[in-house]
Protein chains: 6
Amino acid sequence: MTPVVVRNIERAATGCIASLGSHGVATVHEAMGRLGLMKTYMRPIWPGACIAGSAVTVLAQPGDNWMLHVAIEQVKPGDLLVVAVTADNTDGMFGDLLATSLRARGGVGLVIDAGCRDVAVLDEMGFPVWSRAISAKGTVKATLGSVNIPVVCAGALVNPGDVVVADDDGVVVVPRGDAVAILAAADRRTANEAEKRDRLASGELGLDMYDMRGALAKAGLRYVDTPDEV
Amino acid sequence: MTPVVVRNIERAATGCIASLGSHGVATVHEAMGRLGLMKTYMRPIWPGACIAGSAVTVLAQPGDNWMLHVAIEQVKPGDLLVVAVTADNTDGMFGDLLATSLRARGGVGLVIDAGCRDVAVLDEMGFPVWSRAISAKGTVKATLGSVNIPVVCAGALVNPGDVVVADDDGVVVVPRGDAVAILAAADRRTANEAEKRDRLASGELGLDMYDMRGALAKAGLRYVDTPDEV
Amino acid sequence: MTPVVVRNIERAATGCIASLGSHGVATVHEAMGRLGLMKTYMRPIWPGACIAGSAVTVLAQPGDNWMLHVAIEQVKPGDLLVVAVTADNTDGMFGDLLATSLRARGGVGLVIDAGCRDVAVLDEMGFPVWSRAISAKGTVKATLGSVNIPVVCAGALVNPGDVVVADDDGVVVVPRGDAVAILAAADRRTANEAEKRDRLASGELGLDMYDMRGALAKAGLRYVDTPDEV
Amino acid sequence: MTPVVVRNIERAATGCIASLGSHGVATVHEAMGRLGLMKTYMRPIWPGACIAGSAVTVLAQPGDNWMLHVAIEQVKPGDLLVVAVTADNTDGMFGDLLATSLRARGGVGLVIDAGCRDVAVLDEMGFPVWSRAISAKGTVKATLGSVNIPVVCAGALVNPGDVVVADDDGVVVVPRGDAVAILAAADRRTANEAEKRDRLASGELGLDMYDMRGALAKAGLRYVDTPDEV
Amino acid sequence: MTPVVVRNIERAATGCIASLGSHGVATVHEAMGRLGLMKTYMRPIWPGACIAGSAVTVLAQPGDNWMLHVAIEQVKPGDLLVVAVTADNTDGMFGDLLATSLRARGGVGLVIDAGCRDVAVLDEMGFPVWSRAISAKGTVKATLGSVNIPVVCAGALVNPGDVVVADDDGVVVVPRGDAVAILAAADRRTANEAEKRDRLASGELGLDMYDMRGALAKAGLRYVDTPDEV
Amino acid sequence: MTPVVVRNIERAATGCIASLGSHGVATVHEAMGRLGLMKTYMRPIWPGACIAGSAVTVLAQPGDNWMLHVAIEQVKPGDLLVVAVTADNTDGMFGDLLATSLRARGGVGLVIDAGCRDVAVLDEMGFPVWSRAISAKGTVKATLGSVNIPVVCAGALVNPGDVVVADDDGVVVVPRGDAVAILAAADRRTANEAEKRDRLASGELGLDMYDMRGALAKAGLRYVDTPDEV
């Protein structure tokens, strides 16, 4: 495939994106049938951020951030950049200047399977980034990649326009076409949680609330009174 | 060994546990003769927590948190859960619902050689967790493990009822039967530290305070004035 | 080479060191032609610290912090310790007592390719440390190493007296003899950044500000309107 | 997405698959524009194997090899299994019994982002496997996954029916629809190599054969006679 | 605990040890209920070795092989050394001289959670070693550890006298007291395998041989004919 | 520093280099006072090679092998290439064409802190390579680095013209100016080994041969007869 930039991508509805974001990563991931998570090495550079946005995808070369500049032109308000690299790389491809530019275009954050730098300034700016590393290592602008093609970022397939939700628990990718259904599933899941939390807080056991005792016994779980009986 | 839950375990005295906790991990580890530490990949999900408790141990399967529900029933006030897994796994086996339940039973924290999720909520709750990863990855409830058997968690042997101390420096395990003696050793160690700190703060060198110069010379350490003499 | 301590090392000018520190790691690294960075696994034990100092170098053995005591005697105000180890090791070679001693001698911080402990106390003290791990693991004082010889620390060559700058982005090493020239380059770089930031904040694209469009086209970048055209 | 098995998938032409295999991974990867490689942690369990086949894809759960049994029924002669897992896992999901079964169905090999066991027997059988680990760890058969859906395996997107080439250099995935074009590009690339190898073997420099001197000079490369001139 | 050497340990019967070894690691691990495996990073330094022996355990310090010399005196014919270290360490604690000595005492191999060197000579000697690393890094003889105490080696608890089985699949530890029962279970398991292998080789599916179809359907597995139906 | 190629470097005497090679890595490393080793992740791509040569050093960018072509012009018979990269990278920078060219110039091998490909062909050619990874990942030729400057490769400082020895135990670097002295130390060390090996083979213990019993007792080692006495 030759390097290419796709200008027009479809996005999910703004309200749907915001609602998915309000559920947080763990709930959305469960609503998807436990799929769509990026690897756990993707961590926020500062704690407490929780965002959702439409993915503008970037495929970059190791040690080269040229395509990030290219990608920012394609960003619309509410988008976030998702950067994959053709090989494992921790170089600091993104810093406060790119964040300033990305924010000016309406970008809400960055998810990058590489490094990030200027993290103290990014924290002051309140600009959220999830990355595999923090690194001051500078990059060149020498080799093309692509923008808005399907990429694998931190183990997850991301198509341009997919909804990406990111918080302290990690990053999850919702296929654009499934966003409405996943949101409904997430809503159902969240609706149940408050009652469950109250029951558990009152001392009721999950064993009873989820009615697990029969299944445990059937699976062969044995209870003994003392270690000697093991 | 078939899956089993041991209902009754012995615990160290409450006061002894609390006193071990007040010393912190580094001091307790030294008092034990530099043994009992878990691997350094075990990190708190939020900084500043410092706890001690009696271990209720869990052996779980990768990707399966069924036994955590089973274990919570065995928790008594002052206990903490110690979760080992039969293979390296980072899945998010524990979140805010389980924390609510564990706290309701008197559990003071969690040490898990796997992942944890809902970390923003757990931080708000002030519920302390030490884990090898933060991960939103959901788990199944399909395969049995055991509760209150000896386990190896993050490289450390933990017997049910052992005293576990955890803070920002990591996690250390004190065998229940040694707890009183270790506490005494930790007390002695701490008693010395204040004076040492004062002497060092005043500019006295460790070389002098610990009387190292003779041993260094005997071992052959050579001092030269300039790099040319190396 | 037999174990040796070099007493007298040359240092860069105090003002130059301070000015390099004010630029921060990312800028200094760029000013050096993108060289001199330590590996990204070197992380601050608490966020927000930004220091610069002259390196007093230590070569230690795994699990042995004897030479840190030796090194502190060689520290002058404004220095920082840079500790390399002869094999990968995460043991907690440094804690609050050594920090108290190092600070009493005028030391401004520690960079250690091993572990650090007592991190809660070090945070309270405001004593900055960059390390590869946090570990309560205690160390022995049994085998000699050297002080103020050239070392490789976290992948970077450090000569005694080199200027080390460390902040949330990592750690960079400036050869003492190049410090003035690197500072000048860093000054030039920083001077440009404010204007660039303003232009990017106003919505101007990096593509235009850096005049990249011609080079991208020449390299063969293709723009299409829809995914179907890829 | 609920667990599903897709029975009918399209495959590339047998001759095309075989020809891609004859080029080997490095050439095919270059022919694809340097895309499609799995992570470098995927290694053959014995050296010297070189295979190509159509992917029957599996999405499995950590510690659970149930779906491998399901997948083997879908294998046709010339296929290979590509197993992805929903979380990082090294358990030994595949051994000599499964290999016997897979071979009996015409399967030519296995690519698994998890562990493999019975490797001595597999070596005797001449059954080729690329895996992230060798592990005797047994797995359960408790939780469903899917067969013949798109998966991300070791960082590469694999659609069912894609052509997978694997040798001592690693594993590369060729999208089924691109296989003919990629083969043509690989043929062109290989055709050139013999002549290049002869010229290089005769002592001609790559600098001259690839005509690099002008570009190097333009980029600013400086030649000096001695280290003092650096 | 102070450093100690325990002179007399109990061992399993020679015939039982040999029979466990003949089953290999994967079968023994299954016979144990899928417990007792060391981490997968423990690899043989040359392929094809398969041994079993009684564990003489060593707890060593990082970078220090003093206790290996001490341990060899405690070795009886048929024993193997199992070396744990108090912190992660890859130093080359063992080479051809120690192998010569260990073999002269009747030792059959080494399992070490650290590094090994002289691997070419060890291969020529046919001396089997499982280690976490190959490293020429030399070690000191400065700090005591212990011999024949319980240790955690590569994630597995090993008591002195336990039966250790090691082959190309890894290393498994059988508690001495369970050895007879585990052997019986392994015998049963192996007895079944030949018939299973024949049936699978003839093309019978595991789905049928293990009668899985009902359970899969009950769990909700859906079969579709084409990807469009997913 | 701007990119530069140094044409003339000094080398150690050919006989000295060969003799160092005949000792192997472990002995040379000990002769150096246990310094100069590269990290243990540097492994031979095929077993059994043992080489020594003068280092022609390369500093390359991640994902870019341009400077390897430049470096080969500077190689003289008996040299080996030592390639460092400005950031961690596993890309396959070197394959059979470069090996053909390097060999045609008299190069005896490659040590690269990155990836290598075409390993099956390199094995057939008998061309020895030590690398951090095997990877088919192709690289660009876009950004300059330097040749024959000091580099840090896999944690070891390498100056151009240093003697590099590599075998199955790893890679060690001998500073050119120290080569004669190190060789003498290695000769002394080897001279002792044959006698030691004979004594150990005859059953004499290291404890006695090295006269360790006194030191062990003085350090406090305690012998007990049974576990109960611990």
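Look up a bit, the structure's there.
Because the structure is a prediction, the values reported are computed rather than measured. (Residues numbered from 1 in each chain as written. Chains lettered and ligands numbered in written order. Predicted model: local features only at pLDDT ≥ 70, side-chain atom pairs only at ≥ 80, totals over all residues. Heavy atoms only, no water.)

**Student:** What am I meant to see in the interface of chain E and chain D here?
**Tutor:** Accessible area lost during the coming together of the parts is what is often quoted as the interface size. On the side of chain D, 36 residues touch chain E, which itself brings 36 residues to the contact. Summed over both sides, the interface between chain E and chain D buries roughly 3,100 Å², with carbon and sulfur atoms accounting for 62% of that surface. Interface area lost by chain E to chain D is led by Asp169, Leu205 and Tyr223 of chain E, which between them contribute 17%. One salt bridge connects Asp225 of chain E with Arg7 of chain D, and the closest N-O pair in it is separated by 3.2 Å. (Contact = heavy atoms within 4.5 Å. Buried area = accessible area lost by both parts, 1.4 Å probe. Salt bridge = Lys/Arg side-chain N within 4 Å of Asp/Glu carboxyl O.)

**Student:** Before we go on, may I ask you to explain empty space enclosed by the protein in this structure?
**Tutor:** Which parts of space are left empty comes out when a probe the size of a water molecule is rolled across the atoms. Within this structure, the stated rule accounts for seven cavities of 30 Å³ or more. Of the voids in this model, the largest cavity is the one considered here, and its volume is about 60 Å³. When its residues are assigned to classes, the lining of the largest cavity shows six nonpolar, three polar and three charged. (1 Å grid on protein atoms, 1.4 Å probe; cavity = no way out; pocket = protein on both sides within 12 Å on 5 of 7 lines; lining within 4 Å. Points joined across faces, edges and corners; volume = space filled by probe spheres on them. Nonpolar A, V, L, I, M, F, W, Y, C, P; charged D, E, K, R; others polar.)

**Student:** In this structure, what is going on with the relation of the copies chain E and chain D? I would like to understand it.
**Tutor:** Here the second copy of the chain follows from the first by a rotation about an axis and a shift along it. Its rotation angle being 120 degrees, the transformation that places chain E on chain D also includes 0.0 Å of axial translation and leaves an RMSD of 0.0 Å. The operation mapping one copy onto its partner corresponds to a three-fold rotation axis. Scanning chain E for the C-alpha nearest the rotation axis identifies Pro47 of chain E, at a separation of 6.7 Å. (Least-squares fit on C-alpha atoms with pLDDT ≥ 70 in both.)

**Student:** Could you clarify how one ought to interpret helix α1 (residues 14-23) of chain A in this entry?
**Tutor:** Residue and element names in this part refer to chain A. Among the residues making up α1, those that are buried are Cys16, Ile17, Leu20, Gly21 and His23. Take α1 and look down its axis: the buried residues cluster within an arc of 155 degrees, on one side only. Exposed residues lying more than 90 degrees from the buried face of α1 are Thr14, Ala18 and Ser22. Packed against the buried residues of α1 are α2 (25-31), β3 (51-60), β10 (163-167), β11 (170-174) and α6 (179-201). Backbone geometry just after α1 places Gly24 at a positive phi near 85 degrees. (Buried < 20%, exposed > 50% of the residue type's maximum accessible area, 1.4 Å probe, protein only. Helix = DSSP H or I, 4+ residues; strand = E, 2+ residues; numbered from the N terminus. Arc of directions from axis to C-beta.)

**Student:** It is not clear to me how the pairing of strand β3 (residues 51-60) of chain B should be interpreted in this structure. Could you clarify?
**Tutor:** Within a regular beta strand, the side chains point alternately toward one face of the sheet and then the other, so they alternate between its two faces. Residues and elements named next belong to chain B. With 10 of its 10 residues buried, β3 lies for the most part within the structure. Where β3 meets strand β4 (residues 79-85), seven bridges bridge the pair, whose relative direction is parallel. Bridged to Thr57 within β4 is Val82. In the classification by handedness, the crossover that spans β3, the intervening helix α3 (residues 66-72) and the parallel β4 is right-handed. Where β3 meets strand β7 (residues 146-147), two bridges bridge the pair, whose relative direction is antiparallel. Bridging from a neighbouring strand, Val58 pairs with Val147 of β7. (Pairing = 2+ DSSP bridges. Right-handed = clockwise from strand over helix to strand, strands pointing away.)

**Student:** Which parts of the structure should I look at to understand the interface of chain A and chain C?
**Tutor:** In this assembly, 36 residues from chain A lie in contact with 36 residues from chain C. Interface of chain A and chain C: buried area, both sides summed, is about 3,200 Å²; carbon and sulfur atoms make up 62% of it. The interface formed by chain A and chain C holds four salt bridges in total. At the boundary of chain A with chain C, the tally comes to 14 residue pairs in polar contact (both at pLDDT 80 or more). At the level of secondary structure, the elements contributing two or more residues to the side of chain A that touches chain C comprise β1 (4-6), α3 (66-72), α4 (96-104) and α5 (119-125) of chain A. Split into classes, the residues belonging to the side of chain A that touches chain C amount to 17 nonpolar, 11 polar and eight charged. Direction of pairing for β1 of chain A relative to strand β13 (residues 222-224) of chain C: parallel, over a ladder of three bridges. Counterpart to Val5 of chain A in the pairing with β13 of chain C is Tyr223 of chain C. (Polar contact = N/O pair within 3.5 Å; in protein donor to acceptor, adjacent residues only side chain to side chain.)

**Student:** Explain the pattern of salt bridges here, please?
**Tutor:** Two side chains bearing opposite charge may form a pair once their charged atoms approach each other closely. All told, the structure shown has 96 salt bridges over all chains when counted by the stated rule. When the shortest N-O distance is used, the salt bridge between Glu30 of chain C and Arg117 of chain A registers 2.8 Å. Taken as a pair, Glu30 of chain C in helix α2 (residues 25-31) and Arg117 of chain A in the loop between β5 (110-116) and α5 lie in two separate chains rather than in one. An identical accessibility class is assigned to Glu30 of chain C and Arg117 of chain A; each is buried. Arg199 of chain F is paired through a salt bridge with Glu195 of chain F; the nearest N and O atoms lie 3.5 Å apart. Linking Arg199 of chain F with Glu195 of chain F, this pair stays in helix α6 (residues 179-201), spanning four residues, or about one helical turn. On the basis of relative accessibility, which here comes to 30%, the residue Arg199 of chain F falls in the partly exposed class. Because the salt bridges share partners, they merge into one network encompassing Glu30, Arg34 and Arg189 of chain A together with Arg117 of chain B.

**Student:** Quick question: what am I supposed to make of the pairing of strand β6 (residues 110-116) of chain D here?
**Tutor:** All names here are of chain D. Across the seven residues of β6, seven count as buried, placing the element largely inside the fold. The sheet contact formed by strand β4 (residues 79-85) and β6 spans three bridges and is parallel. Pairing of Val83 across the sheet is with Ile112, part of β6. Note: β6 against strand β7 (residues 129-134), five bridges, orientation parallel.

**Student:** It is not clear to me how unusual backbone geometry should be interpreted in this structure. Could you clarify?
**Tutor:** It is generally the case that most residues other than glycine have a negative phi and that most peptide bonds are trans. The residue Asp211 of chain C is not glycine, and still its phi comes out positive at about 60 degrees. With respect to the helices, strands and loops of the structure, Asp211 of chain C is situated in the loop between α7 (206-209) and α8 (213-219).

**Student:** I keep staring at the packing of α1 of chain A against α6 of chain A and nothing clicks. Help me out?
**Tutor:** For any two helices packed against each other, the geometry comes down to the angle between their axes and how far apart the axes lie. All names here are of chain A. Their axes nearest at 10 Å, the elements α1 and α6 cross at an angle of 35 degrees. For the pair α1 and α6, the crossing hand works out as left-handed. Residues Cys16, Ser19, Leu20 and His23 of α1 touch α6, and the partners they reach there are Ala179, Val180, Ile182, Leu183, Ala186, Asp187 and Thr190. Here the residues of the contact of α1 with α6 sort into seven nonpolar, three polar and one charged. (Axes fitted to C-alpha atoms, helices over the stretch in contact; angles between N-to-C directions. Left-handed = near helix turned anticlockwise from the far one by under 90°.)

**Student:** I tried to follow the environment of Ser22 of chain E on my own but got confused; where do I start?
**Tutor:** Residues and elements named next belong to chain E. Here Ser22 lies in helix α1 (residues 14-23). On the basis of relative accessibility, which here comes to 60%, the residue Ser22 falls in the exposed class. Linking Ser22 and Ile51, residues 29 residues apart in sequence, is a C-alpha distance of 8.2 Å.

**Student:** Is there a simple way to think about helix α4 (residues 96-104) of chain E in this case?
**Tutor:** Each α-helix turn comprises 3.6 residues. Residues three or four places apart therefore point the same way. All names here are of chain E. Across the nine residues that make up α4, a large majority, seven, are buried. Of all the positions in α4, only Asp96, Leu97, Leu98, Ala99, Thr100, Ser101 and Leu102 are classed as buried. In the stretch just after α4, Gly106 is the one whose phi turns positive, near 100 degrees.

**Student:** Just checking my understanding: could you explain the environment of Pro62 of chain E for this structure?
**Tutor:** Inspection of the secondary structure assignment puts Pro62 of chain E in the loop between β3 (51-60) and α3 (66-72). Judged by relative accessible area, Pro62 of chain E falls into the buried class, the value being 6%. With 23 residues separating them along the chain, Pro62 of chain E and Val85 of chain E place their C-alpha atoms 6.0 Å apart. Setting aside anything within four residues of it in sequence, one finds Pro62 of chain E in contact with Pro62, Gly63, Asn89, Asp91 and Lys137 of chain C together with Val85, Thr86, Ala87, Asn89 and Met93 of chain E.

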